[in-house]
Amino acid sequence: MGLLFASMAESQQINVTGQITDRTNGDKIPGVSISVKGTTLGTVSDIDGSYSIMANTGDVLVFSFIGYEILEATVPSSGRVDIVLESTIFNMEEVVVIGYGTMKKSDLTGAVSSVSSGDLTSAPVSSIGEALQGRASGLQVVNTGKPGDNVTMKIRGLGTINDSNPLVVIDGVPTDLGLNALNPNDIETVDVLKDASATAIYGARGANGVVMITTKRGTKGESQISFSSNFSVQEAIGMPTLLNATQYAQLNNDMLQNAGMTTNPDWTDPTALGKGTDWMGELIDLAPMQNYSLSYSGGSDNSTYYVSGSVFDQEGLVRNTKFRRYTFQFNKDAQVKEWIKFSNQLTVSHDIKSQGDYDIMATMRALPTQSLYFDDGSWSGPEGPVEWVGGIRNPIGTTEKNTQETKGYNVLGNISAEISLFKGLKFKTLGGIDFKSWYGSSFSPAYAWKPIAVETSFKHQSANKSLTYLWDNYFTYDQSFGNHTVNAMGGISAQTNQFDFMSGSVNTFLRDENNQLDNGLKIQSLNGNASEWSLLSYIGRINYTFANKYLVTATVRRDGSSRFGENNKWGLFPSFSGAWRISEESWFPDFYLLNDLKARVGYGVTGNQNIGNYEFAAIYDMGTYMFNGNPVSTLVANRMPNPGIMWEEVEQMNVGVDLTMFNQRLMLSLDGYVKNTNNMLVPMAVPISTGYSDHDVPNINAGQMSNKGVELSLTTHILRGAFDWTTSVNTTLNKNEIVDLNSDSPMYQNSIENSNISIQSVNHPMNSFYGFVVDGIFQNPQEVSNSAVQIVGGTAPGDIRFKDLNNDGIINDQDRTYIGNPNPSIIYSMNNRLAWKGFDLEIFLHGHAGNDIYNANRMTLEGMKVSENQSTAVLNRWTPGHTNTSMPRAIYDDPNKNTRASNRYIEDGSYLRLKNVSLGYSIPKELLNRFDIGEARIYLSAQNLATITGYSGIDPEVGINGIDYGAYPLTRTYSIGLNLNF
């Protein structure tokens, strides 16, 4: 009987097969142990993650591998069991790109943040710059929202009053290529190098941090075709509420009456005008956006490849704004011999940016009492006295008639050879090219519109070309000797750039339809120029590890730049950092709470060579004078030379700690830094007696800037199993201060409405707001006479009272003071990812706090001084019957200068935004196998769903200078997408 049952059991055995992959990256996992639970039967997965084992239907297979959760699966009758293993630890063996090489995250001694391809493509956005927002601590990203515009990136605060943009390196090539030229689906990782020990390898270009972008490469195995597409609808949100025709007519009557002027007799009864024209509604509408990407990748033991192409098309919310991009990517690696490997990366893109001659602010100011068209169907315009009907030309007509277009062509690539000389020693030579060409054109026809006719048509065209060559040659040595591990790199890098442009403008065409430059009757302008720069560098780095516990990194770079003055052609940029892996000590306890612990410290000096190509040279202007009745050409001295100009220098100290906890389900990185900029370029004071200009002056290395901050990055797997929940938090705290400007005189900037809004001044943050301080509203003539003189003869009840800060009885420029700080003290984000039975949900939050915004829109839209439309906030304006308000009276020409720059327009810029919500579903493989599809995921996504803020403007996410004036509308986007792998 026993033999019978044994025979029956054996007859039910089947050959169970399957493949094991990593959930995070989809890689096949070799070496996984597979056993039949309760027996001694077992096997191991091969190099492709495949396995085969004999088992009975209903048996339980156990899958185990170091660093992954143990998983059990019941054998089905089909005999096929594919397994996706989840890592139980944060992958400290993950490789990050650090410049001229890579390093395991566990071996890092500097401050580096990494963003994976999954994070970059989790939301359907136009560029990877936008996708980076909130994804890395220490990185501030500001997006204007306008189609085709690049984001602004800052790392660890503003390091200079000049160019503080980080260096971007794409596949080893330093470039100024805009990130909107790249297809996010082609990007494998983005590594943000933040402290000097990480950025010193780029020497004179590392002061503002480095963003390392690595594109995807093929992997060994079966070829794979990937297709992704999404379609989106964009809508404008947070738009200002403006006066309708009835409300504006009443306001205009009040303005003129208070100024003693004659009102418009047609507006005696404002209610008869109704709502009038909604100019913003005519300018802004729903807009579609779509993206399609196709890639093909694969390879063998000796060769891998990745090829992709994409089309991105975005209609703008604003009439006639549009951005279209085409990209092509080709990356290949070939191990042609055991000792030599060839590689190439190639990125090609073409983009078209189109727009009419739109003006957000002019559109908001256009009068609702004016119709869009005249009765004959032509574009309308103001007719009548300017104090009644204003002077703004029809903003919709100009947007439709005037055209602007820019076409860009970009080629970025490199080819390299890596030669293995002997054990541990390799030599790599890399040649790179960065070619950019862009063409701009604009056309404005002649038209007899009100209030002022455009009598001649106008055509402008420009052609620009930038060509950069790179040649890197360096050795790497990587070897272990017992407890000692040495990784060293040394070599030379040369890079040169040539830039030239031409532009021309003509006007007056016989026929506006034939608006080529050749057809213009008058040449209005003809310009052209060329420039070049070059950089020669010697680089070296050594990483030393003892017993996997003590790590030291030393880096040095010597840069010789054509941009530096004759007296300072070369700069030396060293750095040193060390780390102690405390958890590797024999005495470190092995317990649940704290698993891994590493302390880091680093110091280094980096530079900023973005100082212009010829700042060291004098500038002379062409001039003419009459001699004996004949014109004679001459050179006129303008800018004084400065042969001593050199790079701006950043000295940085970093202290950090990395740890994992709770059986490696929580990972935390904490960094504190002090970042001091020395030799910052500031304008030189040039006496007019020198013969040179005292306005166009040279820059000298005499300023100082300070940034101090703390960064925290936290990732934790809250739940694992059938329901998976991962949360990541990034937080950055930074304090910025100007230490020295080489002058007691501050630098005033950003003039709006004839008022300087910003100031650069010692012991204050960069771009601080500067102006008058409001002290209430005058309620009666006695208050006016008892207060400091605001404007002689121009002040009356209902006007703003400004504080007399120096108590001299007169309000003048000496009563201006610091009224706000545009730099956020904290930037934060939180991302939640949840997964359950094929469904996945991402909820991403992002925000700022501790910064002020200068709402310059209100200077115009609450000015109540000229015949322009206003926001509905002015309905609360002061009148003799309504005095309990902070809104001043309406009076034509504003004799008290109520709209002068003041804290009236300063608002708290803090916000918390629900940046992205995505819900996806991965179709079961059992269903996909019927159609020979490997993976399929559909998703719904929404961006900018909600914002919590006290800011009254359209969007609290304004530019780096903190000024909000006529910005592009905030966009909410709804998307549906599909991802397929074959």
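Whatever comes next refers back to the structure up there.
Attention here is on the structure that accompanies the text. (Residues numbered from 1 in each chain as written. Predicted model: local features only at pLDDT ≥ 70, side-chain atom pairs only at ≥ 80, totals over all residues. Heavy atoms only, no water.)

## Concerning the overall build of the protein chain
Thinking step 1. Each helix and strand counted, the protein chain has twelve helices and 49 strands in total.
Thinking step 2. In terms of C-alpha radius of gyration, the protein chain reaches 33 Å, essentially the compact-globule figure of 30 Å for 982 residues.
Thinking step 3. In terms of overall dimensions, the protein chain has a C-alpha envelope of 115 × 70 × 65 Å along the principal axes.
Thinking step 4. Here the protein chain, with 982 residues, has 51% of them falling under the buried criterion. (Helix = DSSP H or I, 4+ residues; strand = E, 2+ residues; numbered from the N terminus. Rg over C-alpha atoms; globule rule 2.2 N^0.38 Å. Buried < 20%, exposed > 50% of the residue type's maximum accessible area, 1.4 Å probe, protein only.)

## Section: the sheet that holds strand E13 (residues 167–170)
Thinking step 1. The sheet built from five strands is open, its strands ordered E10-E15-E16-E13-E14 with mixed pairing. Two strands lie at the open edges of the sheet, namely strand E10 (112–116) and strand E14 (173–175), each paired on one side alone. The sheet shows a mean angle of 25° between the axes of neighbouring strands, taken without regard to direction.
Thinking step 2. In this sheet, strand E15 (residues 187–193) lies alongside E10 in antiparallel orientation, the contact comprising five bridges. Along E15, the bridge assignment pairs Ser-113 with Val-192. (Pairing = 2+ DSSP bridges. Axes fitted to C-alpha atoms, helices over the stretch in contact; angles between N-to-C directions.)

## Examining the packing of aromatic side chains
Thinking step 1. Summed over the entire model, instances satisfying the criterion amount to 27 aromatic pairs.
Thinking step 2. Note on Tyr-358 and Tyr-968: the rings are 6.3 Å apart at their centroids and 75° apart in plane angle, and the pair reads as edge-to-face. Taken as a pair, Tyr-358 in the loop between strand E21 (340–356) and helix H7 (360–365) and Tyr-968 in the loop between strand E48 (963–964) and strand E49 (970–981) lie far apart in primary sequence, 610 residues in all.
Thinking step 3. Residue Tyr-358 is classed as buried on the basis of its relative accessible area of 15%.
Thinking step 4. Aromatic pair Phe-443 and Phe-509: ring centres 6.0 Å apart, planes at 70°, arrangement edge-to-face. Remark: Phe-509 occurs in the loop between strand E25 (484–507) and strand E26 (522–546) and Phe-443 occurs in strand E23 (residues 425–444); sequence separation between them is 66 residues.
Thinking step 5. For Phe-443, a relative accessible area of 10% translates into the label buried.
Thinking step 6. On the basis of relative accessibility, which here comes to 9%, the residue Phe-509 falls in the buried class.
Thinking step 7. Taken together, the ring pairs connect Tyr-373, Trp-379, Tyr-447 and Trp-449 into an aromatic cluster. (Phe/Tyr/Trp six-rings, centres within 6.5 Å; stacked < 30°, edge-to-face > 60°.)

## With respect to the environment of Tyr-538
Thinking step 1. Summarising the element assignment, Tyr-538 is placed in strand E26.
Thinking step 2. Its relative accessible area of 40% is what places Tyr-538 among the partly exposed residues.
Thinking step 3. For the pair formed by Tyr-538 and Arg-558, sequence separation is 20 residues and the distance between their alpha carbons is 5.2 Å.
Thinking step 4. Excluding residues that lie within four positions of it along the chain, Tyr-538 makes contacts with Gly-491, Ile-492, Val-556, Arg-557, Arg-558 and Trp-570. (Contact = heavy atoms within 4.5 Å.)

## Let's talk about unusual backbone geometry
Thinking step 1. Even without glycine at this site, Asn-320 takes up a positive phi of about 65°.
Thinking step 2. Among the secondary structure elements, Asn-320 is positioned in the loop between strand E19 (303–315) and strand E20 (322–337).
Thinking step 3. By relative accessible area, which is 37% here, Asn-320 ends up partly exposed.

## Quick word on the side chain of Lys-194
Thinking step 1. Its location among the elements puts Lys-194 in the loop between E15 and helix H4 (196–199).
Thinking step 2. Within the structure, the side chain of Lys-194 is placed 2.8 Å from the side chain of Ser-113, a separation counted as a polar contact.
Thinking step 3. In contact with Lys-194, other than residues within four places in its own chain, are Ala-111, Val-112, Ser-113, Ser-137, Gly-138, Ile-155, Arg-156, Thr-199, Gln-652 and Glu-711. (Polar contact = N/O pair within 3.5 Å; in protein donor to acceptor, adjacent residues only side chain to side chain.)

## A few points about the pattern of salt bridges
Thinking step 1. All told, the structure shown has 39 salt bridges when counted by the stated rule.
Thinking step 2. Residue Asp-254 pairs with Arg-877 through a salt bridge whose shortest N-O separation is 2.8 Å. Of the two residues, Asp-254 is situated in helix H5 (residues 245–258) and Arg-877 in the loop between helix H11 (857–861) and strand E45 (906–908); the sequence distance between them amounts to 623 residues.
Thinking step 3. The shortest N-O distance in the salt bridge between Arg-324 and Asp-313 comes to 2.6 Å. Pair noted here: Arg-324 is in strand E20 and Asp-313 is in strand E19, with a separation of eleven residues, a long-range link.
Thinking step 4. For Arg-324, a relative accessible area of 28% corresponds to the partly exposed category.
Thinking step 5. Look at Asp-313 and you get buried, because its relative accessible area is 9%. (Salt bridge = Lys/Arg side-chain N within 4 Å of Asp/Glu carboxyl O.)

## Quick look at the sheet that holds strand E38 (residues 768–771)
Thinking step 1. Here four strands make up an open sheet; going across it, the order is E36-E37-E38-E41 and the pairing antiparallel. Looking at which strands have only one partner, the edges of the open sheet turn out to be strand E36 (747–752) and strand E41 (817–820). With direction set aside, neighbouring strand axes in the sheet form an average angle of 45°.
Thinking step 2. For strand E37 (residues 755–760) and E38, the ladder comprises two bridges, and the chain directions are antiparallel.

## Description of the pairing of E36
Thinking step 1. Of the strand pairs in this sheet, E36 and E37 are connected by five bridges, and their pairing is antiparallel. Residue pairing in the sheet places Ile-752 in a bridge with Ser-755 of E37.
Thinking step 2. Counting the residues between successive antiparallel strands, the hairpin from E36 to E37 contains two residues, one of them, Glu-753, with a positive phi of roughly 55°.

## Some words on the pairing of strand E42 (residues 826–836)
Thinking step 1. The pairing of strand E35 (residues 723–740) with E42 spans eleven bridges and is classified as antiparallel. Opposite Asn-730, over in E42, you have Ser-829 as the bridge partner.
Thinking step 2. When E42 meets strand E43 (residues 839–849), the two strands line up antiparallel, connected through eleven bridges. Within the sheet, the bridge partner assigned to Arg-833 lies in E43 and is Glu-842.
Thinking step 3. Taken together, E42 and the strand that follows it, E43, pair antiparallel across an intervening segment of two residues, in which Lys-837 is found at a positive phi of about 50°.

## A closer look at empty space enclosed by the protein
The gaps of empty space that remain are located by a probe, the size of a water molecule, rolled over the atoms.
Thinking step 1. In this structure the tally under the stated criterion is seven cavities of 30 Å³ or more.
Thinking step 2. Size it by volume and the largest cavity reaches roughly 150 Å³.
Thinking step 3. As for the largest cavity, its lining consists of 16 residues, and the residues nearest its centre are Gln-140, Gly-157, Asn-734, Pro-824 and Ile-827.
Thinking step 4. Of the residues forming the lining of the largest cavity, the biggest block, three residues, is contributed by E35.
Thinking step 5. The residue inventory of the lining of the largest cavity, partitioned by class, reads six nonpolar, eight polar and two charged.
Thinking step 6. In this model, the second largest cavity occupies a volume close to 120 Å³.
Thinking step 7. Looking at the second largest cavity, it is lined by 15 residues, and the ones nearest its centre are Ile-98, Leu-108, Ser-197, Ala-198 and Thr-553. (1 Å grid on protein atoms, 1.4 Å probe; cavity = no way out; pocket = protein on both sides within 12 Å on 5 of 7 lines; lining within 4 Å. Points joined across faces, edges and corners; volume = space filled by probe spheres on them. Nonpolar A, V, L, I, M, F, W, Y, C, P; charged D, E, K, R; others polar.)

## Focus on the environment of Asn-568
Thinking step 1. Positionally, Asn-568 belongs in the loop between strand E27 (550–561) and strand E28 (570–581).
Thinking step 2. Contact partners of Asn-568, with chain neighbours within four places excluded, come to Gly-644, Ile-645, Met-646 and Trp-647.
Thinking step 3. A polar side-chain atom of Asn-568 sits 2.7 Å from the main-chain carbonyl oxygen of Gly-644.

## So, the side chain of Glu-957
Thinking step 1. Along the polypeptide, Glu-957 turns up in the loop between strand E47 (935–949) and E48.
Thinking step 2. At 2.8 Å, the side chain of Glu-957 forms a polar contact with the side chain of Gln-133.
Thinking step 3. Here Arg-913 takes part through its side chain, which lies 3.2 Å from a polar atom of the side chain of Glu-957.
Thinking step 4. With residues near it in sequence (within four places) discarded, Glu-957 still touches Gln-133, Val-141, Val-142, Asn-143, Tyr-911, Arg-913 and Lys-915.

## Details of the nonpolar core
Thinking step 1. Counting residues in hydrophobic clusters, the biggest one holds 28 residues, and the most contacted among them are Leu-132, Leu-139, Met-153, Leu-182, Val-190 and Ile-213.
Thinking step 2. Those elements giving two or more residues to this core turn out to be helix H3 (128–131), strand E11 (139–142), strand E12 (152–155), E13, E15 and strand E16 (210–215).
Thinking step 3. Sequence-distant contacts of Met-153, defined by excluding residues within four places in its chain, comprise Leu-132, Leu-139, Gln-140, Val-141, Ser-164, Asn-165, Pro-166, Val-168, Leu-179 and Val-211.
Thinking step 4. Judged by nonpolar contacts, the second largest core, of 21 residues, contains Met-280, Trp-449, Leu-861 and Tyr-968. (Core = buried A, V, L, I, M, F, W, Y, C linked by side-chain atoms within 4.5 Å.)

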